[in-house]
Amino acid sequence: MISVVVLFQTSSFAQDAIGKGWGLGFQLGQYQRDFGIGLNVKTPYFVNDQIALRIKGNVMWNEHLDSNLEMTWSDYTNLSIGMIVLVGEIEDFIRLYGESGIILIQPSDNFSNENSNLGGYGLFGFEFYMYEKANYFIEIGGVGSGATADKIPTNPIYSNGLIINTGFRFQF
């Protein structure tokens with residue numbers, strides 16, 4: 001155990017070397033039952049290097065019955081903007097944060113009559129730095145939008161409930 005601590009203390013990263021500038025990344029995610037892929041952009045940290053803003057865009061796929069009562073996938077998009085608050089850093093290789101914000105969902109006309117839905121989200125995230133300017137991340141949280149697939153029998157909800165994202169982010 002002592003050798004592991006010494007190894008991390010003598011790593012090649014300088015103190016506070018993990019990126020706090022602009023960030024650009026991609027993610028795989030799940031919003032309730034819908035799978036998605038997307039991109040994200042993060043501002044540099046401000047207010048004592050503790051707060052940043054992030055914009056995320058995703059293409060999501062909703063599995064549902066079509067008009068012939070066959071299972072199909074329909075794509076839709078979401079766009080979110082949120083505020084990140086750093087919770088802590090472990091040495092120079094793990095960062096913990098919380099994020100909350102608003103989400104705009106643009107559903108497919110294959111399953112919804114609505115043009116858009118507005119909601120909110122919140123999550124907790126972990127960034128694992130393998131290199132001072134790049135990290136893997138995992139996020140878990142929740143989203144609420146009230147979005148329903150009103151063209152599908154029983155009007156099921158979508159993009160409500162559990163959020164899980166994972167991906168890779170570059171800092172510059």
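Source: prediction; values computed, not measured. (Residues numbered from 1 in each chain as written. Predicted model: local features only at pLDDT ≥ 70, side-chain atom pairs only at ≥ 80, totals over all residues. Heavy atoms only, no water.)

### Remarks on the pattern of salt bridges
The full count for this structure, using the stated rule, is 8 salt bridges. In this structure, the salt-bridge partner of Glu89 is Lys20, at a minimum N-O distance of 3.6 Å. Here Glu89, found in strand E4 (residues 71-90), pairs with Lys20, found in the loop between helix H1 (2-9) and strand E1 (23-31); they are 69 residues apart in sequence, far enough to count as distant. Classification of Glu89 by relative accessible area gives partly exposed; the value is 28%. Exposure remark for Lys20: the relative accessible area of 22% places this residue in the partly exposed category. Here Glu127 ties to Arg169 by a salt bridge, and the two come within 3.2 Å at their closest N and O atoms. Of the two residues, Glu127 is situated in strand E6 (residues 117-131) and Arg169 in strand E8 (residues 161-171); the sequence distance between them amounts to 42 residues. Like Arg169, Glu127 is buried. (Salt bridge = Lys/Arg side-chain N within 4 Å of Asp/Glu carboxyl O. Helix = DSSP H or I, 4+ residues; strand = E, 2+ residues; numbered from the N terminus. Buried < 20%, exposed > 50% of the residue type's maximum accessible area, 1.4 Å probe, protein only.)

### A short note on the packing of aromatic side chains
Here the distance between the centres and the angle between the planes together describe a pair of aromatic rings. This structure, assessed with the given rule, holds 6 aromatic pairs. Ring geometry for Phe111 versus Tyr158: centroids 4.9 Å apart, planes at 80 degrees, classification edge-to-face. With a gap of 47 residues between them, Phe111 in the loop between strand E5 (94-106) and E6 and Tyr158 in the loop between strand E7 (134-144) and E8 connect regions that are remote in the sequence. Comparing Phe111 with Tyr158, the two get one shared label, buried. With a centroid separation of 4.8 Å and 75 degrees between ring planes, the pair formed by Phe168 and Phe170 is classed as edge-to-face. (Phe/Tyr/Trp six-rings, centres within 6.5 Å; stacked < 30°, edge-to-face > 60°.)

### Concerning a nonpolar patch on the surface
The grouping of Ile55, Leu79, Ile81, Ile102, Leu104 and Leu118 at the surface amounts to a nonpolar patch, some 530 Å² of accessible area in total. By the secondary structure assignment, Leu118 is in strand E6. (Patch = residues over 30% accessible without salt bridge, like charges linked within 9 Å, V, L, I, M, F, W, Y side chains within 5 Å. Areas by Shrake-Rupley, 256 points an atom, 1.4 Å probe, with all protein chains shown as cover.)

### Topic: the environment of Pro156
Structurally, Pro156 is set in the loop between E7 and E8. Taking the C-alpha atoms as reference points, Pro156 and Val85, separated by 71 residues in sequence, lie 33 Å from one another. Not counting the four nearest positions on each side in its chain, Pro156 is found in contact with Ala147, Thr148 and Ala149. (Contact = heavy atoms within 4.5 Å.)

### Overview of the confidence of the model for the chain
Residues at a pLDDT of 70 or more form 91% of the chain, whose mean pLDDT is 90. When the criterion is pLDDT under 50, residues 1-15 qualifies, and its contacts beyond four places in sequence or with other chains add up to 11 contacts. (pLDDT = per-residue confidence, 0-100.)

### Points about the sheet that holds E7
In space, the 8 strands of this closed barrel follow the order E1-E2-E3-E4-E5-E6-E7-E8, with antiparallel pairing throughout. In this sheet, neighbouring strand axes are inclined to one another by 25 degrees on average, regardless of whether the strands run parallel or antiparallel. By the bridge criterion, 9 bridges tie E1 to E8 in an arrangement that is antiparallel. Within the sheet, the bridge partner assigned to Tyr31 lies in E8 and is Ile163. (Pairing = 2+ DSSP bridges. Axes fitted to C-alpha atoms, helices over the stretch in contact; angles between N-to-C directions.)

### Describing the pairing of E4
In this sheet, E4 lies alongside strand E3 (residues 51-65) in antiparallel orientation, the contact comprising 15 bridges. Of the residues in E4, the one forming a bridge with Leu65 is Met71. Between E3 and E4, which follow one another and run antiparallel, lie 5 residues, and Leu69 among them has a positive phi close to 60 degrees. Hairpin remark: E4 followed by E5, antiparallel, with 3 residues in the connecting loop; positive phi at Glu91, about 50 degrees.

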